[in-house]
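Read off the chains here:
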Amino acid sequence: MNKPISPRTHGLLDYATAGATAVLSRVLGFSPPAARTAQTWAAGYGALSALTDYPLAVKRAVPFRAHGAMDAVMAPIIPALPWLLGFARDRRARNFFLGLAAVTVIVTALTDWKSPATGRA
C-alpha cells in the first residue's frame, strides 16, 4: 500500500496535534484531571516530535521508525486514559481523547515509516 504521509508531513501533524491538544484542553474547559492529562500528553508528544529524526526536528535523537513504534504503542492507550485516570465522566475530555486516538491510528497507518526522507535529507 502506498503510504501518503511523508516524514515531513508527519512532523507537521505531530506539532499541530500537540499544540491543538494544549490549547483545546483549556478552550473546551476540561476538568482539572483531564486538563493535566492533556497538557502532559501535549508536552510529552511535543518533546518527542522535537527530538525525532525528521524535518522540523530541534535535535535528531529519536529514529523516525522508533517514533512510529511509540505512536503504535500510544494508539490503544490514549482512548483508555479517561477511564484509567478518572475523568471519563467529563464528556468533552473523554470524546477529545477518543478522537485523538482515532487521529493517531489513522496518521500512524498512513505514514511511510520506511521513507528515506528523514531530517538528514
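These lines cover the structure that appears in this document, whether it is placed above or below. Being a predicted model, the structure only gives us computed values, none of them experimental.

For any two helices packed against each other, the geometry comes down to the angle between their axes and how far apart the axes lie. Contact geometry for helix H3 (residues 64-77) and helix H5 (residues 91-110): axes closest at 9 Å, N-to-C directions at 145°. Every pair of crossing elements has a handedness; the one defined by H3 and H5 is left-handed. Here H3 contributes Gly68, Asp71, Ala72 and Ala75 to the contact with H5, which in turn contributes Ala101, Thr104, Val105 and Thr108. Looking at the contact of H3 with H5 residue by residue, the classes come out as 4 nonpolar, 3 polar and 1 charged.

For the rest of this paragraph, the subject is the packing of aromatic side chains. The final tally for this structure, using the stated rule, is 6 aromatic pairs. Ring centres of phenylalanine 64 and tryptophan 113 lie 4.6 Å apart, and the angle between their planes is 35°; this geometry places the pair in the tilted category. Of this pair, phenylalanine 64 sits in helix H3 while tryptophan 113 sits in the segment after H5, and the two are 49 residues apart along the sequence. Each of the two residues, phenylalanine 64 as well as tryptophan 113, counts as buried. One aromatic cluster is present, built from ring pairs that chain together Phe30, Phe87, Phe96 and Phe97.

Okay, the pattern of salt bridges next. Applying the stated criterion to the full structure yields 1 salt bridge. Of the charged contacts, one joins arginine 60 and aspartate 53 as a salt bridge, the two residues approaching to 3.6 Å between their closest N and O atoms. Using a relative accessible area of 9% as the deciding quantity, one classes aspartate 53 as buried.

Bringing the environment of arginine 65 into the picture now. Relative to the helices and strands, arginine 65 is located in helix H3. Exposure remark for arginine 65: the relative accessible area of 54% places this residue in the exposed category. C-alpha of arginine 65 to C-alpha of serine 115: the two residues are 50 residues apart in sequence and 9.5 Å apart in space. Setting aside residues no more than four positions away along its own chain, arginine 65 makes contact with Trp113 and Lys114.

Let's shift gears to the nonpolar core. The biggest cluster of nonpolar side chains holds 15 residues, and the ones touching the most others in it are Phe30, Ile78, Phe97 and Leu100. Contributing elements (two or more residues each) for this core: helix H2 (32-51) and H5. In contact with phenylalanine 30, not counting residues within four places along its chain, are Leu24, Ser25, Ala35, Ala38, Asp90, Arg92, Ala93, Phe96 and Phe97.

Below, the discussion takes up the environment of isoleucine 77. Examined against the element boundaries, isoleucine 77 turns out to sit in helix H3. Using a relative accessible area of 41% as the deciding quantity, one classes isoleucine 77 as partly exposed. Spatially, the C-alpha atoms of isoleucine 77 and phenylalanine 97 are 9.9 Å apart, while their sequence positions differ by 20 residues.

On to H3. Counted at 1.5 Å a residue, the expected span for H3 with its 14 residues is 20 Å, and the 20 Å between its end C-alpha atoms agrees. Taken together, the buried positions of H3 are Phe64, His67, Gly68, Asp71 and Ala75. Seen from one end, H3 has its buried residues packed into an arc of 100°, which puts them on one side. Opposite the buried face of H3, by more than 90 degrees, sit the exposed residues Arg65, Val73 and Pro76. Elements that come into contact with the buried residues of H3 comprise helix H1 (7-27), H2 and H5.

Calculation criteria
Residues numbered from 1 in each chain as written. Predicted model: local features only at pLDDT ≥ 70, side-chain atom pairs only at ≥ 80, totals over all residues. Heavy atoms only, no water. Axes fitted to C-alpha atoms, helices over the stretch in contact; angles between N-to-C directions. Helix = DSSP H or I, 4+ residues; strand = E, 2+ residues; numbered from the N terminus. Left-handed = near helix turned anticlockwise from the far one by under 90°. Contact = heavy atoms within 4.5 Å. Nonpolar A, V, L, I, M, F, W, Y, C, P; charged D, E, K, R; others polar. Phe/Tyr/Trp six-rings, centres within 6.5 Å; stacked < 30°, edge-to-face > 60°. Buried < 20%, exposed > 50% of the residue type's maximum accessible area, 1.4 Å probe, protein only. Salt bridge = Lys/Arg side-chain N within 4 Å of Asp/Glu carboxyl O. Core = buried A, V, L, I, M, F, W, Y, C linked by side-chain atoms within 4.5 Å. Expected span 1.5 Å × (residues − 1). Arc of directions from axis to C-beta.

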